[in-house]
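In case you want the letters, here they are:
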Amino acid sequence: MRILVTGAAGFIGFHLAKRLLERGDEVIGFDNLNDYYDPKLKQARLDQLQGLSGFSFVKLDLSDRSGVEELFRKSKLFAVTLFASLSQIIDSITQFVRSLYITSKMTMLPCS
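Let me sum up the structure you'll find in this document.

Calculation notes
- Residues numbered from 1 in each chain as written.
- Predicted model: local features only at pLDDT ≥ 70, side-chain atom pairs only at ≥ 80, totals over all residues.
- Heavy atoms only, no water.
- Helix = DSSP H or I, 4+ residues; strand = E, 2+ residues; numbered from the N terminus.
- Contact = heavy atoms within 4.5 Å.
- Areas by Shrake-Rupley, 256 points an atom, 1.4 Å probe, with all protein chains shown as cover.
- Expected span 1.5 Å × (residues − 1).
- Buried < 20%, exposed > 50% of the residue type's maximum accessible area, 1.4 Å probe, protein only.
- Arc of directions from axis to C-beta.

**Details of the overall build of the chain**
- When helices and strands are tallied, the chain shows five helices and four strands.
- In the chain, the succession of helices and strands from N to C terminus is β-α-β-α-β-α-β-α-α.
- Considering only contacts in the chain between residues 6 or more positions apart, those separated by 24 or more positions represent 71%.
- For the chain, the accessible area works out to roughly 6800 Å², and carbon and sulfur atoms hold 59% of it.

Pasting the structure below:
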């Protein structure tokens, strides 16, 4: 199965992607690699995943709806996991409008 894992460079997304790959799934890792915490740590996680068969990575922000729609059109996804997030509660509050915008724009994009 081809599965999109958003937030693939984060803690939860990384571990899920790794487990799916070990299970034999094809994983498209998706992350904007922001600097909410150390980008070197995120890159180190991606480096581990990129060494595994069946993994590909897309650097993209969820707010880029046309980019996300293009990814959905091309990828023929079986499933999407949503682990992309702001890493701290305070960021979710101070950037509430951005979070709301992304959520409203991404709701109900179809998998093929």
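**Notes on helix H2 (residues 39–50)**
- Along its twelve residues, H2 runs 16 Å from first to last C-alpha, staying within 8% of the 16 Å computed at 1.5 Å per residue.
- Looking only at H2, the buried set comprises Lys42, Arg45, Leu46 and Leu49. Projected down its long axis, H2 shows its buried positions confined to an angular sector of 100°, all on one face.
- Summarising the contacts, the buried residues of H2 are in contact with helix H1 (11–23) and strand S3 (55–59).

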